[in-house]
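Observations on the model geometry
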Amino acid sequence: MSKYIIFLVGLDGSGKSTLTRELSKNFGFKEIYGGWKRYYLPTSWLISKIGTYNKSGGKIRKKLNEERAKNKVSFIQECIYLNYVFEHLTRYYISYFFNSKIIFDRSFFDIYFQNSVAYQSKVLSYFFKKFPKPTHFIYLNPGKNILLSRKPDENTSKKIDFQLKNIEKLKHKINLIEIDSTRKVDDIIKEILINFPN
């Protein structure tokens, strides 16, 4: 049986969750959330808890932020990246073995436009070449003004500019199918599904 796998790429407010729900509900795709609200590995849960704990977590976050400001990747950061890789590999393969059509709302590759030092990481550089590629990378882009209006509490102009710049870098590494996500969801789905065999 052929596997049809979509990785959705896009900034907060680009319409990933809406599109994922529609493809899952009406077209038989298994919906997988790839963000950091659901964990498959206990180490991911532990890292999350340490990060929110004021004493040790605050010191670790401060140290990591200082390293990022210098455009450096510390040993601790590389360890966190390594866990990030295995978290996403676990999600991918568990989903892959039990489903023929899967859509990932966020994936391993999101780190490259979200994190300021991802391109300096030796861990991520190695696994970028090894990580399983989907049938299609779909990049939802509604434009900066829409992104600012949809999630004003999460998006700032500076943050959006930074992430859009990094997505342009990512385009040179993977084949992103860019879609204008200001259109109706039904029209976006038609454009996506035309690339898949019946």
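Description of the structure in this document. Please read these numbers as outputs of a predicted model, since none were measured by experiment.

1. Quick look at empty space enclosed by the protein
The final tally for this structure, using the stated rule, is one cavity of 30 Å³ or more. The space that makes up the largest cavity amounts to roughly 40 Å³. Lining the largest cavity are Phe7, Gly34, His88, Arg91, Tyr92, Phe104, Ser107, Phe108 and Phe131. Here the lining of the largest cavity is composed, by residue class, of five nonpolar, three polar and one charged.

2. Quick look at the packing of helix H4 (residues 75–98) against helix H6 (residues 122–130)
Packing of H4 against H6 brings their axes to within 8 Å, and their N-to-C directions diverge by 25 degrees. In terms of orientation, H4 lies roughly parallel with respect to H6. Along its contact with H4, which presents Glu78, Tyr81, Leu82, Tyr84, Val85 and Phe86, the element H6 presents Lys122, Val123, Leu124 and Phe127. For the contact of H4 with H6, the residue count by class is eight nonpolar, no polar and two charged.

3. Some details on the pattern of salt bridges
Applying the stated criterion to the full structure yields seven salt bridges. The shortest N-O distance in the salt bridge between Arg106 and Asp12 comes to 2.5 Å. Note that Arg106 is positioned in the loop between strand S3 (101–105) and helix H5 (111–114) and Asp12 in the loop between strand S1 (4–9) and helix H1 (16–27), a separation of 94 residues in sequence. Asp12 carries the same exposure label as Arg106, and that label is buried.

How each quantity is defined
- Residues numbered from 1 in each chain as written.
- Predicted model: local features only at pLDDT ≥ 70, side-chain atom pairs only at ≥ 80, totals over all residues.
- Heavy atoms only, no water.
- 1 Å grid on protein atoms, 1.4 Å probe; cavity = no way out; pocket = protein on both sides within 12 Å on 5 of 7 lines; lining within 4 Å.
- Points joined across faces, edges and corners; volume = space filled by probe spheres on them.
- Nonpolar A, V, L, I, M, F, W, Y, C, P; charged D, E, K, R; others polar.
- Axes fitted to C-alpha atoms, helices over the stretch in contact; angles between N-to-C directions.
- Helix = DSSP H or I, 4+ residues; strand = E, 2+ residues; numbered from the N terminus.
- Parallel < 35°, antiparallel > 145°, perpendicular 65-115°, else oblique.
- Contact = heavy atoms within 4.5 Å.
- Salt bridge = Lys/Arg side-chain N within 4 Å of Asp/Glu carboxyl O.
- Buried < 20%, exposed > 50% of the residue type's maximum accessible area, 1.4 Å probe, protein only.

Everything listed here is a matter of coordinates, which is why it stays silent on function.
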